[in-house]
Every structure is written in C-alpha cells, then in structure tokens.
Amino acid sequence: MRRGLGRLLATRLLGAGAVLLTVSLLVFAGGEMLPGDVAQIMLGEGASEAEVAQLRRQLNLDRPAPERYLDWLGGMAQGDWGVSYTTKRPIGEILPVRARNTALLTVLTVLVAVPVALGLGVLMALFAGTVFDRGLSVLLLGLSAMPEFLIATAGVLVFAVRLQWLPAISSVSPDAGLADAARALALPVLTLSLIIVAQIARMTRATLVGLADRPFIEMAQLKGASRLRVLLVHALANAIGPLANIVTLNIAFLVSGVVVVETIFAVPGLAQLMINAVSNRDMPVVEACAMIFCTTYVLLLLAADLFGAAFNPRLRRSAR
Amino acid sequence: MSDLAADAGPAQRLGSRLPPTAALLSLAVLGFWILAALAGPALLPHGPADFVTDDGFAPASAAHPLGTDYLGRDMLARLVAAARSTLAISLLATLGAHLIGDTLGILAALRGGVLDQVLSRVAEVMLSMPKLIVGLVVIAVVGPSATVLVAVTAAVYAATVFRISRAIALDLVALDFIRAARLRGESMGWLIFGELLPNMLPLLAADFALRMSFSILFMSNLSFLGLGLQPPAADWGGLVRENLEGLASGSPAALYPTLAIGSVTIALNLLVDRWGSTARPREALH
C-alpha cells in the first residue's frame, strides 16, 4: 500500500513537471509572437539605429530563441524575471510586494470561506429535501452562476455606497497596520468568499448525500445511530478525501475571481499588475505573471489530486 | 488531472429537482433576451451610439426608461445592442468549442491508440492552465477584438468539451450495439452519425447550455477587464465596466447589464439542472 502511494506521488509529480514545462514553452512562444521589434517599441520612433541595436544586445534579442528560452527559465528559477518593457525596471523588484498582496487576499478568503462552506454543506445534507435545503440550493446555484463582478458590484453598492461601512477601493500600503489592511480587504475577501462558498457548499452536500445509500451508512442507521451521528461520524469520515479534493480545486479556481476582484477594488496585487501589462502589451511582465498563476494552479490541482487519491484505497492500488 | 472533480457528478442527481415553475421562468427569461437581441434594435427609437442627453447618467424618464449611460447614450438601446453581441459571441464560441471538442472526443474514443493518447495529453495541458490567464496571454499578443474573443473562448472550452464527449463516447463504445455495428463492418461515418451521436445528443445538449453560460461569464470577465470588445461597441461585460463609476453617485446604469448576465446564466443553469441532470457534466468554469 505504501509503495503504491509513493509511486503515485512520483508519477503525479513528474506529470505536473512535464505540464509546467509545456506551459512555459507556450507562454514563451506567446511572447515571441508579438508583432514588431521590441527594442524599437521600447525606444520609440525617434531612436537611432545604433541605440536600437545596442538595446537589442542588452536584452539578448540578437541571440536565437531556444537559447533565450533556456535563459528565461534559468533566470526565473533564480528570481531574475527580466525587465519590464514599459517601466524598464527589473520585474523581480515589483513581484514580491504584488505577490504578497494577492497571497494575503487569497489566504484570508480561504480562512473565511472554507469553514462556512463546509458547515453549510453539512447542514444541507443533514436536512436534505427540506425547504431549507431546497431554498439554499437554488440560492447557491444562483450565486455560482453569477459573474464575479456582479457579486463585487453588489457588494460595493451595499457596503460602500449605501451603508458606507467599508472603503470601495482598497489600497493596502506596505506599512499599514493589520486592522487597516483587514478593513481595506474586507469587501474583496467577502466577494471572493461568496464565489467559493457557493461551489464548495454545493459539492459538499452532493458528496455527503451521495454517500447516503452506501451499505456502511445503512448499517450505522440500522444500529440505531442518530442522523447527526451517522452524518458527522460515519459519512464525514469517508468523505474527507473527496472534500479535501473539492476544497483544493475550488481554491485553484479562485484565480479568475482574484483577477476580477483585484481590478474592481484596485488591490495592488499580481493580477492587477498582469491586467495592466496585457493592456500595455508588456510581454515580460505578462509572461512572469502567467507563469506564477499557472504554477500555483498546477500545484493546487496536483494537491487536489493527491488528496483524493490518498483517501481512496481503490485508486491508490491501481495507481498508474 | 482533476478526474476526481467528476466524483461529485452522479451524486447531484439525487439532490435538487427544481419545481417546473423555475424551468418555465428560465425559458421565459431566455426567450425574452433572444427576442430582444433579434428585434430590439429595430424597435427602439435610439441607436446604441446616439448621444441623447447632454450629461451622463441621466435618471430614468419616459423617453429613456433606463436612463442614460456615462456619455449620455440611451441605456436601453445600449443594453439591447449588447444583448445581441453577447449572445452572438457566446453562441459562436460555444458552437466552436463543441464542434472541435465533440469531433475530436468521438474520434479519440472510437480510434483509441496513439490519436487518443496525443489528444488526451494536449487536453490535459490545456486544462492545466487557468482559462482567464490563457485568455489574457493571447490577448496580450494579438490584441482585443470580437474575433479574438470568439476564438479564445472557443479554444479554452474545447479541451473541456473534448474530455466530456470522449468520456460519454467511451461509455457507449463498450456497449453491444456499437460492437455489433463494428462487426457488421459499418463505416466510420455511420458509427459516428448513425449510432453514437443520437445517443450522445441529450448529454451534449445539456453541456452546450452549461458551456454557453460559462462562455458568457468568461467573455464578460474579459470585456469587464477592458480586454474584450472595444468601445464604442460593447457587450454586457463592457457596459458594466463603462458605467461602474456611476454607482458611487447613485446611477444604476451598471446594474442593468449585470442583471442581464446574471439572468441569462442562472436561467441556463436552472434548465440544465432540470433536464440535463441525468449525468450532469458539470465542470468548473475556471
């Protein structure tokens, strides 16, 4: 059994590595396809031929693409992300602050949303088929079908414009205190939480209800265990793998939510940096941000996969 | 990579069966928007690009039932014109995703072997990237336009559709009637169009509705970020972006397009929940 799990871990890690390498190739190829001479664009129309040639040398643009790809990969591994076309600053200087803000936003969201979502899912499974369950099901289905910016817009309207409790724009300065940062991030976190709560609660309910007709649950019921005990002890113990899988997957799916929410609330995070870079066609920044997002995503999917497998003996044994 | 996400699928069948009123209401909402998109622009007195008031964000009046937008254009005319572009783009994108995904999925299931291996690996790589990030990188390279919006949306969802249609087809290929047809020496064309497709159609139709709602959300997100349709043209996501600043001063202009998006995507989801739930191929949007 142990060996099965070890082999599974090794194959999945290799798989994720191969995927990431392919992704990096695609992202780099994207940057290569940008029309026009980068050095010329950076210097503007008035630049002399010699200046353009010098910048091309500086940016290593005169070297063949495969060589530059390897350089780019190696640079990223050492924290050298290249130079932004628009600000001409090293990207490695901007990234840490941006990444910190995005990480803070995501971690707060997970801390708020996951307990609420799991609680709601368990409650819905406990009262499956009742008015409470049906009503909440429709509400959560509605929430998960709404675009992120609809929820965010509604949040701004209610909490910032009508009630004026919270600031609509959350500029988190690096030296802000914890309370200020929390207040500034309240609306973005609330928005992201709503998105993720809807999905996780629905899937939790489905997983638990799906277990209801399994023999071991029937057995527990026949022994005379109470509904609550059957659900919390017998069903939940068997649902840990699937639930961990669901939670991790939904954290991965937060990516697009983060992009939209950072834009609406002007959170100076990684996503906002990327959106600006896309508008300015600042490819090195786009590539750096894309690689960070894709790597996080792939790692979370990998974790979700492993959670599911680790708690599923059948899958563990037949690991390819 | 996320095969386990599908675990939640069959179980959902046991759950929420919605009352028929919800389904009827959904049909009515969809019918309303389709009619509005088809006939609306011809019926309304103002065009979506006409400046009708001097200042922006005029309140609702008899002449302008939804008020005006940030530049003083009739909001109702903008909303209806945006309905047309939003529905057309998402429909084209979903058609594209299904055309590519279904064809390759069925081929992979029928042929198996190297073709199946290669296609499945490609799909796996595509599904390992967040869709919005893929869209952003593509738009950074080629710039935003309606064509790019259709192509990107179709491309990011083709891999998901491929996986779903391949899985459905694989289930069927193992059944006796397909094996019998193969032994009879039926042609590939008959196997696909005579045997497989008719049996896959209900599931693919359910996925089509779901995929269309995801496409609307995806393109709305891009347009909302300013990377979709470019002004003066706008889809619903673009209208929200344009009029967002009005919210602070109490103008509801940005709310109408958000409600429009919400109503269509929720209606599509409720319909699939009602009629498509026998094996709901729900994969996450992102």
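Definitions and limits used
- Residues numbered from 1 in each chain as written.
- Chains lettered and ligands numbered in written order.
- Predicted model: local features only at pLDDT ≥ 70, side-chain atom pairs only at ≥ 80, totals over all residues.
- Heavy atoms only, no water.
- Helix = DSSP H or I, 4+ residues; strand = E, 2+ residues; numbered from the N terminus.
- Contact = heavy atoms within 4.5 Å.
- Areas by Shrake-Rupley, 256 points an atom, 1.4 Å probe, with all protein chains shown as cover.
- Buried < 20%, exposed > 50% of the residue type's maximum accessible area, 1.4 Å probe, protein only.
- Expected span 1.5 Å × (residues − 1).
- pLDDT = per-residue confidence, 0-100.
- Core = buried A, V, L, I, M, F, W, Y, C linked by side-chain atoms within 4.5 Å.
- Axes fitted to C-alpha atoms, helices over the stretch in contact; angles between N-to-C directions.
- Parallel < 35°, antiparallel > 145°, perpendicular 65-115°, else oblique.
- Left-handed = near helix turned anticlockwise from the far one by under 90°.
- Buried area = accessible area lost by both parts, 1.4 Å probe.
- Salt bridge = Lys/Arg side-chain N within 4 Å of Asp/Glu carboxyl O.
- Polar contact = N/O pair within 3.5 Å; in protein donor to acceptor, adjacent residues only side chain to side chain.
- Disulfide = S-S within 2.5 Å.
- Nonpolar A, V, L, I, M, F, W, Y, C, P; charged D, E, K, R; others polar.
- UniProt positions renumbered as here; feature names shortened; annotations may be inferred.
- Phe/Tyr/Trp six-rings, centres within 6.5 Å; stacked < 30°, edge-to-face > 60°.

Undergrad: Provide a residue-level description of the overall build of chain B, including the pertinent values.
TA: For chain B, the helix and strand inventory stands at 10 helices and zero strands. Walking chain B from its N terminus toward its C terminus, one meets helices and strands in the order α-α-α-α-α-α-α-α-α-α. Considering only intrachain contacts with a sequence separation of at least 6, the fraction spanning at least 24 residues in chain B is 72%. For chain B, the accessible surface area stands at approximately 11,800 Å², while carbon and sulfur atoms represent 69% of it.

Undergrad: Could you give an account of the overall build of chain A, with specific residues and numbers?
TA: Per the secondary structure count, chain A includes 14 helices and zero strands. Secondary structure of chain A in N-to-C order comes out as α-α-α-α-α-α-α-α-α-α-α-α-α-α. Residue burial in chain A is summarised as follows: out of 320 residues, 48% are buried. For chain A, the accessible surface area stands at approximately 15,300 Å², while carbon and sulfur atoms represent 65% of it.

Undergrad: How would you explain helix H4 (residues 65-77) of chain A if you had to name every residue and give the values?
TA: Spanning 13 residues, H4 of chain A covers 18 Å between terminal C-alpha atoms, matching the ideal 18 Å at 1.5 Å per step. One or two residues past the end of H4 of chain A sits Gly-79 of chain A, with phi positive at roughly 85°.

Undergrad: Explain the confidence of the model for chain B to me, using residue names and the numbers behind them.
TA: Residue and element names in this part refer to chain B. With 89% of its residues at a pLDDT of 70 or more, chain B shows a mean pLDDT of 81. Per-element confidence in chain B is highest for helix H3 (residues 75-111), whose mean pLDDT is 91, and lowest for helix H1 (residues 8-11), whose mean pLDDT is 36. Contacts of residues 1-16 to residues separated by more than four positions or lying in other chains number 32 contacts, the stretch itself having pLDDT below 50. Below a pLDDT of 50 lies the segment residues 278-286, which in the model reaches 38 contacts outside its immediate sequence neighbourhood of four places, other chains included. Interface confidence for the predicted complex, expressed as ipTM, amounts to 0.81; the pTM equals 0.82.

Undergrad: Before we move on, can you summarise the side chain of Thr-109 of chain A with the specific residues and values?
TA: With respect to the helices and strands, Thr-109 of chain A occurs in helix H5 (residues 91-126). Ignoring anything within four residues of it in the chain, the contact list for Thr-109 of chain A reads Val-114, Val-189, Leu-192, Ser-193, Ile-196 and Leu-254 of chain A.

Undergrad: Could you give an account of the nonpolar core, naming the residues involved and the relevant values?
TA: If you look at the biggest cluster of nonpolar residues, it comprises 155 residues, and the most contacted ones within it are Met-274 of chain A together with Trp-33, Ile-133, Leu-136 and Trp-236 of chain B. For this core, the element with the most residues is helix H13 (residues 283-310) of chain A, which contributes 17 residues. Those residues in contact with Trp-236 of chain B that sit more than four places away from it in its chain are Trp-33, Leu-79, Ala-82, Ala-83, Thr-86, Pro-257, Ala-260, Ile-261 and Val-264 of chain B.

Undergrad: I'd like a rundown of the environment of Pro-215 of chain A, residues and numbers included.
TA: Its location among the elements puts Pro-215 of chain A in helix H9 (residues 215-222). Pro-215 of chain A sits 175 residues away from Gln-40 of chain A along the chain, and the two C-alpha atoms are 70 Å apart.

Undergrad: I'd like a description of the packing of H13 of chain A against helix H5 (residues 131-142) of chain B, backed by residues and values.
TA: In the contact formed by H13 of chain A and H5 of chain B, the axes pass within 10 Å of each other and the chain directions differ by 165°. Classified by the angle their axes make, H13 of chain A and H5 of chain B are roughly antiparallel. By crossing handedness, the relation of H13 of chain A to H5 of chain B is classed as left-handed. Counted together, Met-283, Val-286, Ala-290, Phe-293 and Cys-294 of chain A of H13 of chain A and Ile-133, Val-137, Ala-140 and Val-141 of chain B of H5 of chain B form the full contact between these two elements.

Undergrad: An account of unusual backbone geometry is requested, with residue identities and associated values reported.
TA: Residues and elements named next belong to chain A. We note that Lys-88 has phi near 60°; this positive angle belongs to a residue other than glycine. A relative accessible area of 44% places Lys-88 in the partly exposed class. The phi angle at Ala-266 is positive, at roughly 55°, despite the residue not being glycine. Tracing the backbone shows Ala-266 in the loop between helix H11 (254-264) and helix H12 (270-280). Judged by its relative accessible area of 25%, Ala-266 falls in the partly exposed class.

Undergrad: Quick one: what's the story with the interface of chain B and chain A, residue by residue and with numbers?
TA: Each partner contributes to the interface: chain B provides 51 residues, whereas chain A provides 55 residues. Buried area between chain B and chain A, both sides added, is near 4,800 Å², and the carbon and sulfur share of it is 76%. Inspection of the region where chain B meets chain A yields zero salt bridges. The interface formed by chain B and chain A includes three residue pairs in polar contact (both at pLDDT 80 or more).

Undergrad: Please set out the pattern of salt bridges residue by residue, giving values where relevant.
TA: All told, the structure shown has 12 salt bridges over all chains when counted by the stated rule. Salt bridges sharing common partners tie together Arg-73, Arg-78 and Glu-242 of chain B.

Undergrad: Pulling in residues and values, what's your account of the state of the cysteines?
TA: Residue and element names in this part refer to chain A. By the definition in use, this model includes zero disulfides over all chains. Take Cys-289: it sits in no disulfide, and the sulfur closest to it among the cysteines is that of Cys-294, at 11 Å. Exposure remark for Cys-289: the relative accessible area of 0% places this residue in the buried category.

Undergrad: Requested: an account of the environment of Ser-220 of chain B, with residues and values cited.
TA: With respect to the secondary-structure elements, Ser-220 of chain B resides in helix H8 (residues 188-224). Discounting chain neighbours no more than four positions away, the residues touching Ser-220 of chain B are Phe-149 of chain A together with Gly-237 and Ile-261 of chain B.

Undergrad: How would you summarise the packing of H11 of chain A against H5 of chain B if you had to cite specific residues and measurements?
TA: For any two helices packed against each other, one specifies the crossing angle of their axes together with the interaxial distance. Orientation of H11 of chain A relative to H5 of chain B, taken along the N-to-C sense of each, is 55°, at an axis distance of 7 Å. The angle between H11 of chain A and H5 of chain B falls in the class oblique. Only Leu-132, Ile-133 and Leu-136 of chain B of H5 of chain B make contact with H11 of chain A, whose side of the interface consists of Val-255, Ser-256 and Val-259 of chain A. Among the residues forming the contact of H11 of chain A with H5 of chain B, the class breakdown is five nonpolar, one polar and no charged.

Undergrad: Quick rundown of helix H9 (residues 236-243) of chain B? Include the residues and the values.
TA: The buried fraction of H9 of chain B is high, at seven of eight residues. Trp-236, Gly-237, Gly-238, Leu-239, Val-240, Glu-242 and Asn-243 of chain B are the residues of H9 of chain B that are buried.

Undergrad: Which residues make up the UniProt feature "domain: ABC transmembrane type-1" (unreviewed entry) in chain B, and what are the values?
TA: On the UniProt side, "domain: ABC transmembrane type-1" (unreviewed entry) is annotated at positions that read residues 83-272 of chain B here. For residues 83-272 of chain B, the end-to-end C-alpha separation is 21 Å, with 82% helix and 0% strand making up the annotated structure.

Undergrad: Before we move on, could you go through the packing of aromatic side chains and cite the residues and values that matter?
TA: Counting across every chain of the model gives nine aromatic pairs over all chains. With 6.5 Å between their ring centres and 45° between their planes, Phe-253 of chain A and Tyr-297 of chain A make a pair best called tilted. One end of the pair, Phe-253 of chain A, is in the loop between helix H10 (227-252) and H11; the other, Tyr-297 of chain A, is in helix H13, and 44 residues separate them in sequence. As far as burial versus exposure is concerned, Phe-253 of chain A and Tyr-297 of chain A are alike and both buried. Judged by centre distance (5.0 Å) and plane angle (65°), the ring pair of Trp-33 of chain B and Trp-236 of chain B falls under edge-to-face. You can see Trp-33 of chain B sitting in helix H2 (residues 20-43) and its partner Trp-236 of chain B sitting in helix H9, a full 203 residues away along the chain. Comparing Trp-33 of chain B with Trp-236 of chain B shows no difference in burial state: the two are buried.

Undergrad: So what's going on with the environment of Gly-269 of chain A? Which residues, and what values?
TA: All names here are of chain A. With respect to the secondary-structure elements, Gly-269 resides in the loop between H11 and H12. Gly-269 sits in the buried class, given a relative accessible area of 0%. Sequence separation between Gly-269 and Pro-284 is 15 residues; the distance between their C-alpha atoms is 17 Å.

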